[in-house]
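Understanding the architecture of this molecule
What follows is each chain in one-letter form.
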Amino acid sequence: MIKLDTTYAHCETMPDYAGKVAEIHEMLVKKTGKGNDFLGWYDWPTTYDKTEYDLVKKLAGEIRAKADVFIVCGIGGSYLGSRAAIEMVQGMFPNRDIEILFVGNTFSAPYIVQLLERIKDKSVVVNVISKSGTTTETAMAFRLLKQFLENKYGKDEAKSRIIATTDKARGTLKDFATKEGYATLSIPDDIGGRFSVLTSVGLLPIAVAGIDIDAIMQGALDASKTFNHPDLATNTAYQYAVCRRIMEEKGYAAEMFVSYETQLTMLAEWWKQLFGESEGKEEKGLLPASVNFSTDLHSMGQFIQDGGKCLFETLFLVEKPMLDMVFPSDADDLDHMNYLAGKSLDEVNKKACLGTLQAHHDTGNVPNLILTVTDTSAYTFGYIAQFFFIACAMSVYLLDVNPFNQPGVEVYKKNMFRLLGKI
Ligand code: PA5
């Protein structure tokens, strides 16, 4: 389901890590490493709560039947995964009746005001998602949405149009939801935001989009079985984790996630959060960056080719695109494009990819790791989500860092609260 090609990355020292990897694997399975109370995602594809899962499906069906617009109100791990999955599986112009919008992830006034304007004549359902229940961006947008719904539908009907996904037992949003009588879904205690896309956090929005969540969970289960062993020689997730560390040891400061499908742009954002927030601590870690080619070959391509040698690329390639078409011939050929006639768009994309790989690696001396998946299906999303969770945990444990906290994020919040006069 996922292949890793290290030919262009020169990770010859990989076998040296086999012992350390086996040790960390043991730590993961026995839950004895740093942050071990946040390892619930590891067995989640088998242990997930089936009753809650059925409720997600039921709610999704009801929402699809009544809403024109479904609003996901959350930030970081509370929205990136579902957005990544929806775009990956359905593309940028999906053929569905319900529109899915994301808010609660910014203080940007134009964004929020325009969104409220856009939904005013629509039938709206809101899913507010916050594990802590206190995230300011999310709470601020939610208050605006709640008042919007109450003004539009009255207090009672508004309540039936709000679903809160939050901690099972405690927190401001949990208390709020209980008092107001909202339908609630829960985020397991032992799964942090950026590891939560396979819980109700991600699954409700994904199911509302009409995506088969059974296929997602099957993909995750298959990945969790495939990568649940310590043998570095055959465990692709661990190989990827180790290659990242080898690159860092060689002096590279940044990992550039490269995709060739526009619908993978949000997947890259999700990947950046997963790796950035998990390993950027104690002045360690690779900077996770991303580009979408060939679009960004016309912006960042120059730097990657000829700029400072601070980065390596991780190509995330798709064997079979969601859609394709044949490029037509033209009798006049005024644009001189007939040399492509008869080729499919994907064939051209793949040649662009090969040409770029040769340019960046052979000429530009930029190492390239290559991850290849079969397709962009729901099953594949589930599979790669679990793959990246496992790879991320291994990679960060190899740095001797706790992958599951994010202490640095608090600094901006403290300053902002002081400036805003919060007591
Ligand atoms: O990965 C994480 O833990 C964070 O990115 C959170 O998902 C993000 O800060 C949102 O937090 P919350 O769900 O508590 O509002």
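Provided above is the structure to which this section pertains.
Here's a quick rundown of the structure. (Residues numbered from 1 in each chain as written. Predicted model: local features only at pLDDT ≥ 70, side-chain atom pairs only at ≥ 80, totals over all residues. Heavy atoms only, no water.)

Turning our eyes to something else, we now look at the sheet that holds strand β7 (residues 254-259). Pairing is mixed in the open sheet, where five strands are placed in the order β1-β10-β9-β7-β8. In this open sheet, the two strands that pair with only one neighbour each are β1 (2-5) and β8 (287-292). Each strand of the sheet is rotated relative to its neighbour by a mean of 20 degrees, with strand direction disregarded. Pairing of β7 with β8 involves six bridges; the strand directions are parallel. Of the residues in β8, the one forming a bridge with glutamate 255 is proline 288. Helix α11 (residues 236-249) rests against β1, β7, β9 (311-318) and β10 (368-373) of the sheet, and its axis sits at about 35 degrees to β1. Along the sheet, helix α15 (residues 378-397) makes contact with β1, β7, β9 and β10, crossing β10 at roughly 140 degrees. (Pairing = 2+ DSSP bridges. Helix = DSSP H or I, 4+ residues; strand = E, 2+ residues; numbered from the N terminus. Axes fitted to C-alpha atoms, helices over the stretch in contact; angles between N-to-C directions. Contact = heavy atoms within 4.5 Å.)

What follows concerns the pairing of strand β6 (residues 183-187). As judged from the five bridges shared by strand β5 (residues 162-167) and β6, these two strands associate in the parallel manner. Residue pairing for β6: threonine 166 is matched across the bridge by serine 186.

Packing of helix α2 (residues 40-47) against α15 brings their axes to within 10 Å, and their N-to-C directions diverge by 155 degrees. Compared by their axis directions, α2 and α15 come out roughly antiparallel. The chirality of how α2 crosses α15 is left-handed. Seen from α2, the contacting residues are Trp41, Tyr42 and Pro45; seen from α15, they are Gln386, Phe389, Ile390 and Ala393. Across the contact of α2 with α15, the residue classes break down as six nonpolar, one polar and no charged. (Parallel < 35°, antiparallel > 145°, perpendicular 65-115°, else oblique. Left-handed = near helix turned anticlockwise from the far one by under 90°. Nonpolar A, V, L, I, M, F, W, Y, C, P; charged D, E, K, R; others polar.)

The tally for this structure, following the rule as stated, stands at 31 aromatic pairs. Note on tryptophan 41 and phenylalanine 195: the rings are 5.1 Å apart at their centroids and 25 degrees apart in plane angle, and the pair reads as stacked. Taken together, the residues tryptophan 41 in helix α2 and phenylalanine 195 in the loop between β6 and α9 (200-208) connect sequence positions 154 residues apart. A residue is classified by how much of its surface remains accessible, and phenylalanine 195, at 3% relative accessible area, is buried. Seen from the ring of tyrosine 153, arginine 161 lies directly overhead, with NZ or CZ sitting 3.9 Å from the centre. One Lys or Arg, lysine 422, reaches over the ring of phenylalanine 417 and ends 4.3 Å from the middle of that ring. (Phe/Tyr/Trp six-rings, centres within 6.5 Å; stacked < 30°, edge-to-face > 60°. Buried < 20%, exposed > 50% of the residue type's maximum accessible area, 1.4 Å probe, protein only. Lys NZ or Arg CZ within 6 Å of the ring centre and 35° of its normal.)

The next point concerns the packing of α11 against helix α12 (residues 265-279). Where α11 meets α12, the axes come as close as 15 Å, and the angle between the chain directions of the two elements is 60 degrees. Taken together, the axes of α11 and α12 lie oblique to each other. Along this stretch, α11 crosses α12, giving a crossing that reads as right-handed. Of α12, the residues touching α11 (which contributes Tyr240, Arg244 and Arg245) are Trp271, Phe275 and Glu279. Here the contact of α11 with α12 is built from residues that sort into three nonpolar, no polar and three charged.

The ligand sits among 13 residues. The nearest are Ser78, Ser130, Ser132, Thr135 and Gln273. One of the side-chain nitrogen or oxygen atoms of threonine 135 is found 2.5 Å away from an oxygen atom of the ligand. Here an oxygen atom of the ligand sits 3.5 Å away from a polar atom, N or O, in the main chain of glycine 193. For the ligand, the protein covers 87% of the area, taking 390 Å² as the surface of the free molecule. Residues that form the shell around the ligand fall into these classes: one nonpolar, nine polar and three charged. (Near = heavy atom within 4 Å. Polar contact = N/O pair within 3.5 Å; in protein donor to acceptor, adjacent residues only side chain to side chain. Areas by Shrake-Rupley, 256 points an atom, 1.4 Å probe, with all protein chains shown as cover.)

Further remarks concern the nonpolar core. With 101 residues, the main nonpolar core has Trp41, Trp270 and Phe388 as its most contacted residues. Top element by residues in this core is α15. It accounts for 15 residues. In contact with phenylalanine 388, not counting residues within four places along its chain, are Tyr240, Phe257, Trp270, Trp271, Leu274, Phe275, Phe316 and Leu371. (Core = buried A, V, L, I, M, F, W, Y, C linked by side-chain atoms within 4.5 Å.)

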